[in-house]
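Listed below are the residues making up each chain.
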4 protein chains.
Amino acid sequence: MSLTYPAWHWIHEWSTPGTVHLHAVKSVYAFGRTKYQTYLVVEFDDLGKALVIDGKVQSAAIDEFVYHESLVQPAMLAHGSPRRVLILGGGEGATAREALRFPSVERVVMVDIDEEIVRACKELLPEWHRGAFDDPRLQVVIDDAEHYLRSSSERFDVIVADLVDPQAGGPAWRLYTKESYELIKSRLNPGGVFVTQATSPVLTPKVH
Amino acid sequence: MSLTYPAWHWIHEWSTPGTVHLHAVKSVYAFGRTKYQTYLVVEFDDLGKALVIDGKVQSAAIDEFVYHESLVQPAMLAHGSPRRVLILGGGEGATAREALRFPSVERVVMVDIDEEIVRACKELLPEWHRGAFDDPRLQVVIDDAEHYLRSSSERFDVIVADLVDPQAGGPAWRLYTKESYELIKSRLNPGGVFVTQATSPVLTPKVH
Amino acid sequence: MSLTYPAWHWIHEWSTPGTVHLHAVKSVYAFGRTKYQTYLVVEFDDLGKALVIDGKVQSAAIDEFVYHESLVQPAMLAHGSPRRVLILGGGEGATAREALRFPSVERVVMVDIDEEIVRACKELLPEWHRGAFDDPRLQVVIDDAEHYLRSSSERFDVIVADLVDPQAGGPAWRLYTKESYELIKSRLNPGGVFVTQATSPVLTPKVH
Amino acid sequence: MSLTYPAWHWIHEWSTPGTVHLHAVKSVYAFGRTKYQTYLVVEFDDLGKALVIDGKVQSAAIDEFVYHESLVQPAMLAHGSPRRVLILGGGEGATAREALRFPSVERVVMVDIDEEIVRACKELLPEWHRGAFDDPRLQVVIDDAEHYLRSSSERFDVIVADLVDPQAGGPAWRLYTKESYELIKSRLNPGGVFVTQATSPVLTPKVH
């Protein structure tokens, strides 16, 4: 008689060289190797649908709202009446969704480097963006965030950095430096607020 | 400074509950859940392109010829001048390729239950079938092998069973029984030869 | 030239059939299979020294104080002036340590089923118990917690259940039932407080 | 109801950065970090008792005879009537066992660098050495093999290199070089035979 075995398709999310979190994959919706990154849109056994970039779970259906709400709403509330919001990264469209929920918002600019991943998210993650990409207040710019900041003088009430972790060789490394933070600050209106995801000391202790 | 981590996308091939072979996935060419099976066509870091069905590596670019040649040619040679060959399973098309290489062969019938996987192999594994699907001597029948054998009285010089392992709940379980072997025998011409892949005692010791 | 590979000795902590946390083992201090459980005292690459029972990390040097303080002190403070404390389980001796820290405490009874593990903790985890086993106020009873409760009529101000998770076949299963909780309640003095570790909904969602 | 999970204690044997063989550990008999190496004597779920050094399964109860017989006997037979045998490495004592089986053998010198591992094997692997360590014809020398060869002028009929794989940073690296092979040759009697284990192209393709 044959045996029933555990799951056979896994993502290994390395937190340290001695700590790995494994998530079993039930289905693959998309796989791609873009100019910048390797991505997977999968259905996880435990987390539901999820976007994985370069081995890191970016967000998952089961709890993406925890991440995206917490990232965006406190900054919006801290400002009080933000009208213009800049998002650096944010490919899933859920950060834009959260910004657009705020009644005073007139314009959201989302700058993501990776057109292919933005397109995949738009098509495959409707639970994330919930139509945000069709909102006329949203402008999506495909560009390197730093390059965009240098080439535009537009100022914003809230700037949200929703970038991948600063992995060596990854596309977002430079955006976690003091130099970039000063550049970002120069694009804030008076009273403006900046917020960034900054990885987790639990998941990536060795980055710090 | 960030760290460079090992591969993060893996297939875990369970041989026993205490033995697993892990292969790192570089690219995903296709994923599907058919009526019968879950399959992946991937590029492995170590084995090159490969077809994985229900967690088992069916064959891989690096050594598929070892498997397919060894499966087919000894049976063909044992017969001497086979004209009609029946293949049970064999979705990749490489077993058909090997049968069609034999000069005396006039007709090859390949019976595979899973149309979606046959189509994926035809499209994605040209290194395997090398045009075999276009050979006018090949007839592909989408059917359960046992059902096909019962519903046709055609006899063959060589019958090759190139089926997935007899996993509980898998589609090929019944074809590894004495009853099926007798049915197969009844479809052989006088002097006919039957050959089957029969899993590996190393990879699946607990099947036996 | 040879390659440097990742760690090769790992504990796989299964949270669900599709979620596993891997911790690399640097050293093994002790391994044993007792009448009740299989245990390891190891040095983890990420968590430092740790006690693993039946595949679950019980506590680790890096953060055991978070667990043990949080388990014990709120219950002690809620009572106000506990004199008699009963600990069910608590093999590491750190729960006893926390109870003994409270100035009003006159007597602590710790009931653990597994003499071999208690002995290993006493010898190998001095950072946990910090001499608690030598405190004359502590009485260690080797017994099944439920059996102890039924066979003694002593009452306590605080009862702390510091048991392994309720795994099927594990020794603590029955102690997470309503029946046991009522038995525990009957051994509390008026104004007494009961507290239990109750696994984590993140680590063991399927227990619930 | 709780769930029964797969094994939780594993050795990950890395063959390439994209190929890993996992063996579940049932029991740990010994663990040590010597001056030279880290070793484990374990009971594997699939292979039975085994010696693991620096993440490589050296030999296992289930099939050590395949390795040790094949390593030693062809060389002995090729010589015909070996009287003096030198073993470089061979800590388990099974290579010595095989050499001592040959009737013409009068003297076996076994040179292993790691006294602690030799002692562990002597105590914990009686199924391997089967008393070879007590055979008066065997002399065990604790020394670096290369150093021993340089410091002794004794010549042998058969020399067997049963060393760990040439891993970077491992103790046996230099013994797989042309220089060492010439040194070994100079210690052979006329008609002498040298044999070495040389890792497996399947298990360690990237060494080559």
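The rules behind these values
Residues numbered from 1 in each chain as written. Chains lettered and ligands numbered in written order. Predicted model: local features only at pLDDT ≥ 70, side-chain atom pairs only at ≥ 80, totals over all residues. Heavy atoms only, no water. Helix = DSSP H or I, 4+ residues; strand = E, 2+ residues; numbered from the N terminus. Rg over C-alpha atoms; globule rule 2.2 N^0.38 Å. Buried < 20%, exposed > 50% of the residue type's maximum accessible area, 1.4 Å probe, protein only. Contact = heavy atoms within 4.5 Å. Lys, Arg positive; Asp, Glu negative; His and termini not counted. Charge placed at Lys NZ, Arg CZ, Asp CG, Glu CD. Least-squares fit on C-alpha atoms with pLDDT ≥ 70 in both. Expected span 1.5 Å × (residues − 1). Bend = angle between axes of the 7 residues up to and from the residue. Pairing = 2+ DSSP bridges. Axes fitted to C-alpha atoms, helices over the stretch in contact; angles between N-to-C directions.

Draft legend 1. Expanded view of the overall build of chain A. When you go through chain A residue by residue, the secondary structure sums to six helices and ten strands. For 208 residues, the compact-globule estimate of 2.2 N^0.38 gives 17 Å, and the C-alpha radius of gyration of chain A, at 18 Å, lies within 12% of that figure. Projected onto the principal axes, the alpha-carbon positions of chain A cover approximately 70 × 35 × 30 Å. Each of the 208 residues in chain A was classed as buried or not, and the buried ones make up 59%. For chain A, the proportion of contacts with a sequence separation of at least 24, taken over those separated by at least 6, is 59%. Taking the average location of the 21 positive side-chain charges in chain A and that of its 28 negative ones, the two points are 5 Å from each other.

Draft legend 2. Up close: the relation of the copies chain A and chain B. Under the fitted operation, chain A is carried onto chain B by 0.0 Å of movement along the axis and a turn of 180°, and the coordinates agree to an RMSD of 0.0 Å. In the structure described here, the two chain copies are related by an operation that fits a two-fold rotation axis. In terms of C-alpha distance to the rotation axis, chain A has W10 of chain A as its closest residue, with the C-alpha 2.7 Å off the axis. A share of 100% of interface residues in chain A that are also interface residues in chain B marks the association as one of identical surfaces.

Draft legend 3. The arrangement of helix α1 (residues 64-79) of chain A in detail. All names here are of chain A. With 16 residues, α1 extends 23 Å between its outermost C-alpha atoms, agreeing within 8% with the 22 Å of an ideal straight helix rising 1.5 Å per residue. Maximal helix bending in α1 amounts to about 25°, located at S70; proline P74 follows within four positions. All of the buried residues along α1 are E64, H68, L71, V72, Q73, A75 and M76. Each element contacted by the buried residues of α1 is listed here: β5 (56-60), β6 (84-89), α2 (94-100), α4 (126-129), β9 (156-162) and β10 (188-196). One or two positions beyond α1, positive phi appears at G80, with a value near 105°.

Draft legend 4. A look at the relation of the copies chain D and chain C. Mapping chain D onto chain C calls for a rotation angle of 180° and an axial translation of 0.0 Å; the resulting RMSD is 0.0 Å. The residues that chain D uses at the interface reappear at the interface of chain C in 100% of cases, marking a shared surface.

Draft legend 5. Spatial organisation of the sheet that holds β9 of chain A. Residue and element names in this part refer to chain A. Sheet architecture is open: five strands sit in the order β8-β7-β6-β9-β10, paired in parallel fashion. Each edge of the sheet is formed by a strand with only one pairing partner; in this case those strands are β8 (138-142) and β10. Strand-to-strand twist in this sheet, taken as the mean axis angle between neighbours without regard to direction, amounts to 15°. As defined by bridge partners, β6 adjoins strand β7 (residues 107-112) across five bridges and the pair is classed as parallel. Within the sheet, the bridge partner assigned to V85 lies in β7 and is V108. Each of β6, β9 and β10 touches helix α6 (residues 178-185); the most contacted strand, β10, lies at about 140° to it.

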